[in-house]
Amino acid sequence: MGLTYRDIPPFPDYIEGETDHEYMAKSRAVGPLVKDRLGIVSAFSLADMLEFNDDRWTRQIELEGMFASGVSGGPMFDFVSNVLLFANGATHKNRRTPLTRTFAHPVVAALRPEIRRRADALIKPLVGTGQIEFVDAIASPLPAKIIASIVGAPEDDAERFGAYVYSAIRGLSLVSEQVRAESDRDMAALTDYVGGLLEDRRQTPQEDFMTSYLEKVADGPLDDTEIRAQMVGLVLAGSDTTRGALTATVSQLMQHPDQWALLVSDPDTHAPGAVSEGLRFDPVIGSLARITTEPRDVHGYRLPASTFVSGSMLTALRDPEVYANPDQFDITRQDHPRWHPVFGGGPHRCLGEALARIELEEALKALATLAPDMQLIGPPTRLRGYGAVRTLTPMTVSI
Ligand code: HEM
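The structure presented is a predicted model; accordingly, all values stated were derived computationally and were not measured.

Trainee: Explain the site of the ligand residue by residue, including any values.
Mentor: Neighbouring the ligand are 27 residues; H92, R96, R290, H348 and C350 lie closest to it. Within the side chain of H92, one N or O atom sits 2.7 Å away from an oxygen atom of the ligand. R290 has a polar side-chain atom sitting 2.7 Å from an oxygen atom of the ligand. For the shell around the ligand, the secondary-structure elements that each account for two or more residues are α5 (89-102), α13 (224-237), α14 (240-255), β6 (287-292) and α18 (353-370). The element that contributes the greatest number of residues to the shell around the ligand is α14, accounting for three residues.

Trainee: How would you explain helix α7 (residues 112-123) if you had to name every residue and give the values?
Mentor: Along its twelve residues, α7 runs 16 Å from first to last C-alpha, staying within 8% of the 16 Å computed at 1.5 Å per residue. By the burial criterion, the buried members of α7 are I115, R118, A119, D120, L122 and I123. On its buried face, α7 sits against α8 (134-139), α9 (141-150) and α18.

Trainee: Report on the sheet that holds strand β8 (residues 301-303), specifying residues and quantitative values.
Mentor: The mixed open sheet is built from three strands, whose spatial order is β1-β8-β7. Here the strands that pair on one side only, and so sit at the sheet edges, are β1 (3-4) and β7 (296-298).

Trainee: Quick rundown of the pairing of strand β9 (residues 308-312)? Include the residues and the values.
Mentor: In terms of burial, β9 is largely enclosed, as four of its five residues are buried. Judged from the three bridges that link them, strand β3 (residues 41-43) and β9 form a sheet pairing that is parallel. By the bridge assignment for β9, S42 is matched with S310. Across five bridges, the pairing between β6 and β9 is antiparallel. Bridge pairing in β9 links L288 to G311.

Reading the values: rules and limits
- Residues numbered from 1 in each chain as written.
- Predicted model: local features only at pLDDT ≥ 70, side-chain atom pairs only at ≥ 80, totals over all residues.
- Heavy atoms only, no water.
- Near = heavy atom within 4 Å.
- Polar contact = N/O pair within 3.5 Å; in protein donor to acceptor, adjacent residues only side chain to side chain.
- Helix = DSSP H or I, 4+ residues; strand = E, 2+ residues; numbered from the N terminus.
- Expected span 1.5 Å × (residues − 1).
- Buried < 20%, exposed > 50% of the residue type's maximum accessible area, 1.4 Å probe, protein only.
- Contact = heavy atoms within 4.5 Å.
- Pairing = 2+ DSSP bridges.

So yeah, pure geometry; function would need other evidence.
Below, the structure written as structure tokens:
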């Protein structure tokens, strides 16, 4: 008799003080599949994570996450109903295609000098001021300012825009009623704000990203609510991911002074490798979840249709089948796969990878050039969580 879903072992007990990486490595040792208390089946290898993203036998979660959080209406619910990330099939394709075209690589690559200018402008005045809290002073404002400028928000609005973004995004996780209410309020404000920018470009077309997007969706199948939701989606998808990735990477560089010294010695050469390794070593995404659409045998267990499955990013990015010495932080590593797994796989693979890499590289180059003596004061940041976008704690540095 083959094994069934019911035979999949549970996650081991968490022992106070274990890091997320230690806990997931311990879980991986239990077996190739383990089940959590909600019945979600996790796998740990990179091959399994990519297999779970194959839409021939799984699909993206749609509103199930909202319902599981007890949410059945409101601004965040409306956003999730209309955005590409939580859609499947033709609906997803219709929402994704115009964005892919607007976000084509040459368009994004041309932003590099402007992104560097903004990174320099943010970091220069901080150098020599003593201690700063890295997340608030650099990692949060930089992605928010850049995405605000891409969607055409005036520079004076960037701070307000950033505040909406980081508050609204909290509503995608399991949160208290109070946080949910704040998130909904700021989601409504962000949606209105982005709606205003779109309306403005409709009235007065310009040579910019928003106008180009409106041209791509003209006469297409998307309605106005969907058009607005894709723009809001871009703003949200590009902000806290990049904030977390920058903080995590700088945190590792500060904890590995030899690697920081290498970056400082030649930022242009080493920044791309530092970015890839920072994204791998302590990833900002904890896992990618899907729902099976047909029965399937996985590692000898028969999974029925409608099973929630989750590929752990934490373990996939330390898969010994893929990376030599996976627990070593090495910015010169040559064994990153051609498609960095942190950006996912299959039809939902990240649309913003090129932009994220440019932002992270230019921020690291600016820091290594302007603040080569930067040091940690107190504990490094701690990324927490096994699912979706991980949370992070503040980190003080002397600059
Ligand atoms: C380090 C930074 C980033 C990481 C690690 C990251 C990671 C990811 C991952 C893993 C997915 C797929 C999620 C899934 O399959 O369920 C995704 C989707 C997406 N990302 Fe990113 N991302 C980053 C930055 C950005 C940026 C800067 C943008 C654009 C401004 C962006 C836009 C998107 C969009 C629009 C999607 C949805 C694609 C779809 O559903 O078809 N991301 N990202």
